[in-house]
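Each chain is listed here by its residues.
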Amino acid sequence: MSNVLRMNSVRRKRRNLASTTVPDAIDFSEGPGPARAVVYPERELPPGGVPAYLAARKCGARSFVLWADEDRRERVATVVTESAVDWHAQRDRYRPTVDAGTTPDELFAVFSEMVEPLHDAHVAVQDGDRVFARPRPGTVVPNGKLDARIKKFIVERDLGNARNLQDFAGGRITCADLPGGQGYLRISGFGGYAGDDTSHAAQLAELDRALDTALGGERSRRPKSLIIDLRINGGGSDALGIHIAERLTDSPYVAYSKRARNDPADPSGHTRPRPVHVTPAQGPRHTGPVAVLTGGSTFSAGETFVQALMDRPGRTVRIGQPTQGVFSDVMTRKLPGGMSAWLPNEEFLTRSGRTFDGTGIPPHLTEPVFTKEEFDEKRDSAFDRAVNVLRHHGGATG
């Protein structure tokens, strides 16, 4: 099992409310068994207080203290992080390159160069049918060609011995029965399920048809465990992801909470978090172990669905690579001349207040995802790991 270093909330009820401890820890896991906290990070205000902090944030800088213990008895180090992009410097650099004679193509190229270093797939510039954005380094934006290639590989390599292999939603959803009573559900997007009919009701109807089949509603034997494959998923409607989550629980819970920026001058200003609830659905449901396959090509609504399963009652294990790290709906702003700028302005919060923007949601178990080596050797390590974990451990992650 791979070693894992992760940020984790350790918030707890305290007997003495006047004496608070550091609420977060960085855990280290060396395999099965509990992780151990190795350091406790806490954001630190600079000497100038809040005004100095806000000024530093404009330049992308933040300061953290690393404590050896949650009671702040021993200071290990001070860490200062800086954004990879100083946006004010970026503007100063490119502003002189634009004047009244700049053509639309030249302006689009300038804007593209400005947003490229951000490596945020939800920050984009649009001009008519062309859109420029850059994903996280080392990842690939899902598209129809990639999806078709991966799907062919999976059907031939992973589903060769499967039964009841079926496609739904124009091929965007695939389900099958694996040997040993395991089910397989592949979802390449959260939308476009009903062809020309783009209504939410039509999307839900086709999704329910797929879920009724995948979860065994039309058969006497339902899957004992379920693999949900989101490794190539371009996103779409968060609501459709919640709808699926409602088929995977027998008790209600909160999927996540959303908040939006509400003060352009204050990066810390947000609306009150709004919880998004998961309520058990009517119809066939699967409440047993689930293995979720993720990777860098798991985008947007694909990621919010993964986040919606984090507090799912029952055993859920994530296998593969971190997701892309773009959760927010896109806020569009029209620019003079007809172009548009896309910006994310929301945060999706876990129960402890954590977000995964930029880094993506990490897996419990790390495996390569569709690398050249995997293709060359006809391996699918993440899929095989899921089959074995569900077979031998029922989805337990230790």
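Residues numbered from 1 in each chain as written. Predicted model: local features only at pLDDT ≥ 70, side-chain atom pairs only at ≥ 80, totals over all residues. Heavy atoms only, no water.

### Brief notes about the overall build of the protein chain
Line of reasoning, step 1. Across its full length, the protein chain holds 9 helices and 19 strands.
Line of reasoning, step 2. Put simply, the protein chain has 398 residues, and 46% of those count as buried.
Line of reasoning, step 3. Looking at the protein chain alone, contacts between residues at least 24 apart form 62% of all its contacts between residues at least 6 apart.
Line of reasoning, step 4. For the protein chain, the accessible surface area stands at approximately 20,500 Å², while carbon and sulfur atoms represent 51% of it. (Helix = DSSP H or I, 4+ residues; strand = E, 2+ residues; numbered from the N terminus. Buried < 20%, exposed > 50% of the residue type's maximum accessible area, 1.4 Å probe, protein only. Contact = heavy atoms within 4.5 Å. Areas by Shrake-Rupley, 256 points an atom, 1.4 Å probe, with all protein chains shown as cover.)

### Here's the deal with the sheet that holds strand E18 (residues 346-349)
Line of reasoning, step 1. Here 3 strands make up an open sheet; going across it, the order is E13-E12-E18 and the pairing antiparallel. Two strands bound the open sheet, and with one partner strand each, they are strand E13 (274-278) and E18. Within this sheet the neighbouring strands show an average axis-to-axis angle of 25°, counted without direction.
Line of reasoning, step 2. Of the pairings in the sheet, the one linking strand E12 (residues 253-260) to E13 comprises 5 bridges and is antiparallel in character. For Tyr253, the partnering residue across the bridge sits in E13 and is Val278.
Line of reasoning, step 3. Relative to the sheet, helix H6 (residues 238-245) contacts E12, E13 and E18, its axis offset from that of E12 by approximately 165°.
Line of reasoning, step 4. Contacts from helix H7 (residues 301-308) reach E12 and E18 within the one sheet, and its direction differs from that of E12 by about 135°. (Pairing = 2+ DSSP bridges. Axes fitted to C-alpha atoms, helices over the stretch in contact; angles between N-to-C directions.)

### Focus: the packing of helix H5 (residues 200-214) against H6
Line of reasoning, step 1. The contact between H5 and H6 brings their axes to 11 Å, and the two run at 35°. Seen along the crossing, H5 lies across H6 with a hand that is right-handed. Between H5, through His200, Gln203, Leu204, Leu207, Asp208 and Leu211, and H6, the contact on the second element is made entirely by Ala239, Leu240, His243 and Ile244.
Line of reasoning, step 2. Of the residues in the contact of H5 with H6, the class split is 6 nonpolar, 3 polar and 1 charged. (Left-handed = near helix turned anticlockwise from the far one by under 90°. Nonpolar A, V, L, I, M, F, W, Y, C, P; charged D, E, K, R; others polar.)

### Comments concerning the pairing of E12
Looking along a regular strand, one sees side chains alternate from face to face of the sheet.
Line of reasoning, step 1. For E12, the buried fraction is high: 6 of the 8 residues fall into the buried class.
Line of reasoning, step 2. Inspection of the sheet shows E12 paired to E18 by 4 bridges, in the antiparallel sense. Across the sheet, residue Lys258 finds its bridge partner in E18, namely Phe348.

### Description of the side chain of Arg318
Line of reasoning, step 1. The residue Arg318 is located in strand E15 (residues 316-320) in this model.
Line of reasoning, step 2. Despite its burial, Arg318 pairs with no opposite charge, the nearest such side chain being Asp311 at 8.3 Å.
Line of reasoning, step 3. In this view, Arg318 contacts Val292, Val306, Met310, Ile361, Pro362, Pro363, His364 and Leu365; residues no more than four positions away in its chain are not counted. (Lys, Arg positive; Asp, Glu negative; His and termini not counted. Salt bridge = Lys/Arg side-chain N within 4 Å of Asp/Glu carboxyl O.)

### A closer look at the nonpolar core
Line of reasoning, step 1. Ranked by size, the top nonpolar core spans 38 residues in total, and within it Phe190, Ile228 and Phe305 carry the most contacts.
Line of reasoning, step 2. By residue number, the principal contributor to this core is H5, which donates 5 residues.
Line of reasoning, step 3. In contact with Phe305, not counting residues within four places along its chain, are Phe190, Ile228, Leu230, Gly241, Ile244, Ala245 and Leu248. (Core = buried A, V, L, I, M, F, W, Y, C linked by side-chain atoms within 4.5 Å.)

### Concerning the pattern of salt bridges
Line of reasoning, step 1. Enumeration over the complete set of coordinates arrives at 21 salt bridges.
Line of reasoning, step 2. We note a salt bridge from Glu206 to Arg209, for which the minimum N-O separation is 3.0 Å. Of this pair, Glu206 and Arg209 are both found in helix H5, 3 residues apart, which corresponds to roughly one turn of the helix.
Line of reasoning, step 3. Arg209 gets classed as partly exposed once you look at its relative accessible area, which sits at 44%.
Line of reasoning, step 4. Measuring nitrogen to oxygen at the nearest pair gives 3.6 Å for the salt bridge that ties Lys258 to Glu346. Of this pair, Lys258 sits in strand E12 while Glu346 sits in strand E18; the two residues are 88 residues apart in sequence, bridging distant segments of the chain.
Line of reasoning, step 5. Look at Glu346 and you get buried, because its relative accessible area is 17%.

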